[in-house]
Amino acid sequence: MSSHEELEDLLARAGLGDRDAFIGLYDATSAKLLAVCLRVLKNRSSAEDAMQDAYVKIWNNADRYAVTGHSPMTWLITIARNTAIDRLRARRRTEPLDTHSERIAADTATPEQSAIAGSEARRVMACLDELEEDRGAAIRGAYLDGKTYKDLAEQFDVPLNTMRTWLRRGLIALRECMSR
Amino acid sequence: MTDMPDEKDNDLLAAEYALGLISDDQIEAARAMLRDDPAFARQVTAWEMRLADLGETLEPVQPSPAVKRELIARILPGTQHAGIWQRLALWRGAAVLAVLALVAVLIFPVSLPDPVPTDDGPLYSAEIVSAEGDFRVVAVVDTDRDEVLMTLTEGAAPEGRILQVWAHGPGEPAESVGLWPDGNSVRLPMPENIRRVSGVLTLGVSEEPPGGSPTGSPSGRVFGTVDIPGVRVDG
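Residues numbered from 1 in each chain as written. Chains lettered and ligands numbered in written order. Predicted model: local features only at pLDDT ≥ 70, side-chain atom pairs only at ≥ 80, totals over all residues. Heavy atoms only, no water.

Regarding the sheet that holds strand 9 (residues 222-231) of chain B
All names here are of chain B.
- Within the open sheet, the four strands sit side by side as 6-5-8-9. Their pairing is antiparallel. Looking along the sheet, the strands with just one partner apiece sit at the ends: strand 6 (175-180) and strand 9. Within the sheet, the average angular offset between the axes of one strand and its neighbour, ignoring direction, is 20°.
- As paired strands, strand 5 (residues 162-168) and strand 6 are joined by five bridges and run antiparallel to one another. Each bridged residue has a counterpart across the sheet, and for Val165 the counterpart in strand 6 is Gly178. (Pairing = 2+ DSSP bridges. Helix = DSSP H or I, 4+ residues; strand = E, 2+ residues; numbered from the N terminus. Axes fitted to C-alpha atoms, helices over the stretch in contact; angles between N-to-C directions.)

Considering the confidence of the model for chain B
Residues and elements named next belong to chain B.
- Here chain B averages 75 in pLDDT, and 76% of its residues register 70 or above.
- Of the regions scoring below 50 in pLDDT, residues 78-119 engages in 66 contacts with residues more than four places distant in sequence or in other chains.
- Our summary of model confidence lists the complex with pTM equal to 0.60 and ipTM equal to 0.83. (pLDDT = per-residue confidence, 0-100. Contact = heavy atoms within 4.5 Å.)

Some thoughts on the environment of B:Ala126
Residue and element names in this part refer to chain B.
- For Ala126, the location among the structural elements is in strand 2 (residues 123-129).
- Overall, the relative accessible area of 2% leaves Ala126 in the buried class.
- C-alpha of Ala126 to C-alpha of Val141: the two residues are 15 residues apart in sequence and 8.5 Å apart in space. (Buried < 20%, exposed > 50% of the residue type's maximum accessible area, 1.4 Å probe, protein only.)

Side note on the pattern of salt bridges
- Scanning all chains against the criterion turns up 26 salt bridges over all chains.
- Between A:Arg39 and A:Asp145 there is a salt bridge; the shortest N-O distance is 2.8 Å. Taken together, the residues span a long stretch of sequence, with A:Arg39 in helix 2 (residues 19-41) and A:Asp145 in the loop between helix 7 (133-144) and helix 8 (149-156) at a distance of 106 residues.
- Judged by its relative accessible area of 15%, A:Asp145 falls in the buried class.
- Linking B:Asp142 and B:Arg145 is a salt bridge whose minimum nitrogen-to-oxygen distance equals 3.1 Å.
- Note on B:Asp142: relative accessible area 3%, which makes it buried.
- Salt bridges linked by common partners bring A:Asp49, A:Asp53, A:Arg87 and B:Arg74 together as one network. (Salt bridge = Lys/Arg side-chain N within 4 Å of Asp/Glu carboxyl O.)

Here it is as structure tokens:
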């Protein structure tokens, strides 16, 4: 895997329309993004289609990457995941998830804040494991498998509102754990 | 939860937004916040960053080479001519057949749709594929700008060698269009003789010593050629 700085550089150049840089970005990251799409869609051919759509969005929005305040890999994964989930939900949901194309520039994070965000991110696994098992599983299911509150309520066999409360409490605990 | 400060409430909304858990009837309001409220945008980003690490833990899966080829075709220059690249997507699937056919001749001479200004010449697109399938180039001939654009989708020149692009008209010897010393793509102006070709234009790529073929004709391995029929000369 290429370093954070290399990916930053490739994304910045892709944002200026440099196709070679974009192809380099694809080579460095596509196996990861396909894994994300495959986890959501469970089908290789749909996952490859979703991944390809994601890279077209990445190409079209690469010049907007910097304003979102993301690190390169998290930005790419977010777009791939949202694109795959849109495909998963195509039959029930008409509203596409965000691709950052219309998003306002995030409050500027200082380098220090960015560093904190980066180290926070690495703790997500450990923190999810600290949560009550079902809550951790629900958050993973929502993120990695694109499950909705309704799907999760069915999976855990609890009422919808209970699921919502669980998951929100899980998120609050997750945030607290990650900011420790 | 009602006694929580706004920022905390918004932060949960941000988390649900990042997870894609917001219902259709509330999504517009959340999206409006994201357009207008930089603090909310930062909260959503923070959640996306926290959660994306879950994606990083997945075992990587190599995509098939066809995905990359199709992707490159979708982002080739000229996308301002809307519609053309969607048509190019026709070679999804067909590309596989082309490899089987060994001599891959995938040609989509595309005339611009009517609403586009008529001073634009047509674009022609083709794929050059080596018989062994180890080398592929997507080529576009832009008769408006008199340029050839090529993008490598598989293979490369051997170590210490470069690529050279060749072209000729019917019954003519190959003429160098230009050198392709490095990079995945190249944009070359068409030589005068090649601009004048009417009918079948043949494009080819060979590997040559640095500096190009010493003979003026392909001297190394010719990876492949492709014939583009029906090329018209402007005016």
